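Single-letter residue listing:
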Amino acid sequence: QYGRRRMRPGLNVLSEDMIVRILNEAKKILAESGMEIRGEKLKARLLDFGLETDSSGRRMLFPRDVVEKAIDTAPATFTMYDRDGRPHAEVGGNHVNFVPGSSGLKILDHRTGETRLADSTDYVEYVRLADGMEHLGYLATAFSTNKDIEPQVSDAWRMYMSLVNSKRPVVSGAFGEHGVPRLANLLSLFRSDAAELAAKPLSLFTITATGNFRYGEDSCQNLLDCVEAGIPVEIVPVTLMGLIAPVTLVGALVFHCVDVLTGLTMAQILKPGHPVLFGGAPATFHMKAASSPMAAIEAQHLNVANVAIAKFLGLPSQAYMALGDGKELDAQAGGETFSSALLAAIAGVNSVSGPGMLDFVLTFSLPKLVFDNEVCGQALHFCREIKPLDDLPVQPLIDHLEEHGHLLTAPQTLKHWPQELYQTDPVIDRLTRDTAEENAGPDLVTRAAQQVEERLAKYQPFDTDPAIDAEMRRIILADMESQEVLPDLPPPPEAPVAAGGAGGRGRRGRRRRRG
């Protein structure tokens, strides 16, 4: 399967021989050293299956044949469905889906310039904004709202806010060991039964490999619960080069493969055929700043190499890319985001987590999400298949040019320019200095903030069955300890006077599948 691509740009970062060597080393580690599985229920299931531990009883050993069978049984591709049960996005092959980054703790308020804890109003505005993003495949529960909701239910609360403000699928995950069943209960309200939720997945959950060759209690229980609920999972190790993983690429790839293949194998033991993404959130350890930049060029190199291994194995892939480590929407953010978004698109990453993120995925920014949406659109446009479009033979175009002195009115130009020449969003400045206004117009941050407000004003709400809404709220309230009411949510904008403008739901509701 590796190398079987349609005519699109691609990356060749690892030879097939090197991939085989890396995988052989990872399988050797899994069989001889194993992985510490701290979740007792999952460990018991693995022992019941017939796996054994090492002599200490701490590490579970994964024989080579078991790992290889798991790779063979995991699906190469699957479909994500929207809230109404309609096919929305393909995950696998060379389908590229850009997705807002996850795990944010704060928001950069574009109205005040303050970086602060996010609240429910911030989150609702994010979902309504992202719902209209033309170049995002699906959404994510991008940041926490611990400012106005109890932490033990904050994962469910942000899922609720996602489901009532967008019909798109959503990448999510539980904050604690026992959070998945509650989230699954929310999702199941939009399907007829558990079988339909598994057959038409509305969400994709992140399982984080803990590092240091172990899976912690939370990750183990979350994986077990996701498989039982039929929720696809992405196995996402935080491969920190130079700190808990080798500083060199090949060694880091081996560590990374050990983590991912462990999660994949456990999922297939629990339920053969369960959808699993070969994921990752690598970073480097900055030896001077003692920080962990995810946008570091070495981390991006590791990302695309991980994806090459996933494609070799015939597995769908995920990576944290299309993001910036800086604190503002500035030149650093633009450079880091566009470079990694383009690499992700060319490499064919199936689920790219990152747009909207700043500050080592700690801070979310709505203006940056607007900018990143544009970046993602350009990256996807670059990866189109190159093929003749009424331009071979070229003599008719030469004849038109000689007769008219230009090709502006040539039938071939009029037919193809709307698709061939990417028209940028207003967040991108395409005016020359001598044709711009005297002050050259607003700067990037101002343009992006203006687009946030304009897009939010065009958001078109939809109805949720009152009984389903009430049940979702009841599920969340049942696990709250001291807070007696859920936070108030902002009303949707008033309907615009003129319908059918750019950004309307008719244009963006169901995303075109990209190959």
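Everything discussed here concerns the structure shown above.
Here the structure is a predicted model, which is why all the values come from computation and not from measurement. (Residues numbered from 1 in each chain as written. Predicted model: local features only at pLDDT ≥ 70, side-chain atom pairs only at ≥ 80, totals over all residues. Heavy atoms only, no water.)

## Regarding the overall build of the chain
Within the chain, the secondary structure is distributed over 17 helices and 20 strands. Against the globule reference of 24 Å for 515 residues, the chain gives a C-alpha radius of gyration of 24 Å, in line with a compact fold. Over its C-alpha atoms, taken along the principal directions, the chain stretches across nearly 80 × 60 × 50 Å. Out of the 515 residues belonging to the chain, those deemed buried represent 55%. With an accessible surface of roughly 22200 Å², the chain has 54% of that area assigned to carbon and sulfur atoms. Each charge class in the chain was averaged separately, 52 positive and 66 negative side chains, and the resulting centres sit 4 Å apart. (Helix = DSSP H or I, 4+ residues; strand = E, 2+ residues; numbered from the N terminus. Rg over C-alpha atoms; globule rule 2.2 N^0.38 Å. Buried < 20%, exposed > 50% of the residue type's maximum accessible area, 1.4 Å probe, protein only. Areas by Shrake-Rupley, 256 points an atom, 1.4 Å probe, with all protein chains shown as cover. Lys, Arg positive; Asp, Glu negative; His and termini not counted. Charge placed at Lys NZ, Arg CZ, Asp CG, Glu CD.)

## Description of the packing of aromatic side chains
One pass over the structure, following the stated rule, counts seven aromatic pairs. For the ring pair Y123 and Y126, a centre distance of 5.4 Å and an interplane angle of 70° mean the geometry is edge-to-face. In this pair, Y123 and Y126 both sit in helix α4 (residues 120-131), three residues apart, roughly one turn of the helix. Taking the relative accessible area as the measure of exposure, Y126 reaches 0% and is therefore buried. A connected cluster of aromatic rings, assembled from ring pairs, spans Y123, Y126, F143 and F364. (Phe/Tyr/Trp six-rings, centres within 6.5 Å; stacked < 30°, edge-to-face > 60°.)

## Points about the sheet that holds strand β1 (residues 35-37)
An order of β2-β3-β1-β12 is seen for the four strands of this open sheet, with the pairing classed as mixed. Two strands lie at the open edges of the sheet, namely β2 (52-53) and β12 (214-215), each paired on one side alone. (Pairing = 2+ DSSP bridges.)

## Concerning the nonpolar core
Looking at soluble globular proteins, one finds that nonpolar side chains tend to be buried together. The biggest cluster of nonpolar side chains holds 143 residues, and the ones touching the most others in it are I37, F62, F98, Y126 and I309. In terms of residue count, the dominant contributor to this core is helix α9 (residues 249-270) (12 residues). Excluding anything up to four places from it in sequence, I37 contacts L42, K43, L46, R58, M60, F62, Y215, C220, T262 and M266. (Core = buried A, V, L, I, M, F, W, Y, C linked by side-chain atoms within 4.5 Å. Contact = heavy atoms within 4.5 Å.)

## Focus: a nonpolar patch on the surface
Taken together, the side chains of L414, W417 and L421 define a hydrophobic patch exposed on the protein surface, amounting to about 310 Å² of accessible area. Within the secondary structure layout, L421 lies in the loop between α14 (411-420) and α15 (444-458). Exposure remark for L421: the relative accessible area of 51% places this residue in the exposed category. (Patch = residues over 30% accessible without salt bridge, like charges linked within 9 Å, V, L, I, M, F, W, Y side chains within 5 Å. Salt bridge = Lys/Arg side-chain N within 4 Å of Asp/Glu carboxyl O.)

## Concerning α15
Under the 1.5 Å per step criterion, the end-to-end length of α15 is 21 Å for 15 residues, consistent within 8% with the ideal 21 Å. On its buried side, α15 packs onto α4 and α12 (366-382). (Expected span 1.5 Å × (residues − 1).)

## Observations regarding the pairing of strand β5 (residues 87-92)
Within β5, five of the six residues are buried, which leaves the element mostly enclosed by the surrounding structure. As judged from the five bridges shared by strand β4 (residues 77-81) and β5, these two strands associate in the antiparallel manner. Along β5, the bridge assignment pairs F78 with V91. If you look at the hairpin formed by β4 and β5, you'll find five residues sitting between the two strands, and G85 has a positive phi there, around 85°.

## Topic: the state of the cysteines
Taken as a whole and judged by the stated rule, the model has zero disulfides. Between C226, a free cysteine, and C220, which holds the nearest cysteine sulfur, the sulfur-to-sulfur gap is 12 Å. By relative accessible area, C226 is classed as buried at 0%. Cysteine C376 is unpaired, with the sulfur of C383 as its nearest cysteine sulfur at 11 Å. Residue class for C376 comes out buried when judged on its relative accessible area of 1%. (Disulfide = S-S within 2.5 Å.)

## Considerations on the side chain of D259
Along the polypeptide, D259 turns up in helix α9. The charged side chain of D259 is buried without a salt bridge, its nearest counter-charge being R59 at 8.5 Å. Look past the residues within four positions of D259 in its chain and what remains in contact with it is M35, A209, Y215, I235 and P237.

## Quick look at the packing of α4 against helix α5 (residues 154-165)
Between α4 and α5, whose axes approach to 9 Å, the crossing angle comes to 40°. Relative to α5, the element α4 lies oblique. Where α4 crosses over α5, the handedness of that crossing is right-handed. Facing α4, whose interface residues are S120, Y123, V124, V127, R128 and D131, α5 presents W157, R158, M161, S162 and N165. When the residues that make up the contact of α4 with α5 are grouped by side-chain class, the tally is five nonpolar, three polar and three charged. (Axes fitted to C-alpha atoms, helices over the stretch in contact; angles between N-to-C directions. Parallel < 35°, antiparallel > 145°, perpendicular 65-115°, else oblique. Left-handed = near helix turned anticlockwise from the far one by under 90°. Nonpolar A, V, L, I, M, F, W, Y, C, P; charged D, E, K, R; others polar.)

## Comments concerning the pattern of salt bridges
For the structure on display, the rule yields 23 salt bridges. Among the ionic pairs, K28 bridges to E32, the shortest N-O distance being 3.1 Å. Here K28 and its partner E32 are both found in helix α1 (residues 16-32), four residues apart, which amounts to about one turn of the helix. Residue classification places E32 among the exposed residues on the basis of a relative accessible area of 54%. A salt bridge links D425 to R455, with the shortest nitrogen-to-oxygen separation between them at 3.0 Å. Here D425, found in the loop between α14 and α15, pairs with R455, found in helix α15; they are 30 residues apart in sequence, far enough to count as distant. Where salt bridges share partners, they join D82, D84, R86 and K167 into one cluster.

## Concerning the environment of Y422
Within the element layout of this structure, Y422 appears in the loop between α14 and α15. Placed 41 residues apart in sequence, Y422 and H381 show a C-alpha to C-alpha distance of 7.3 Å. If sequence neighbours within four positions are ignored, Y422 has contacts with H135, E374, G377, Q378 and H381. Only 3.1 Å separates the side chain of Y422 from the side chain of H135, close enough to count as a polar contact. (Polar contact = N/O pair within 3.5 Å; in protein donor to acceptor, adjacent residues only side chain to side chain.)

## What about unusual backbone geometry?
A cis geometry characterises the amide bond from L392 onward to P393, with omega recorded as 0°. Tracing the chain through its elements places P393 in the loop between α12 and α13 (395-404). Although it is not a glycine, F360 sits at a positive phi angle of roughly 60°. You will see that D390, though not glycine, has its phi angle at about 55°, which is positive.

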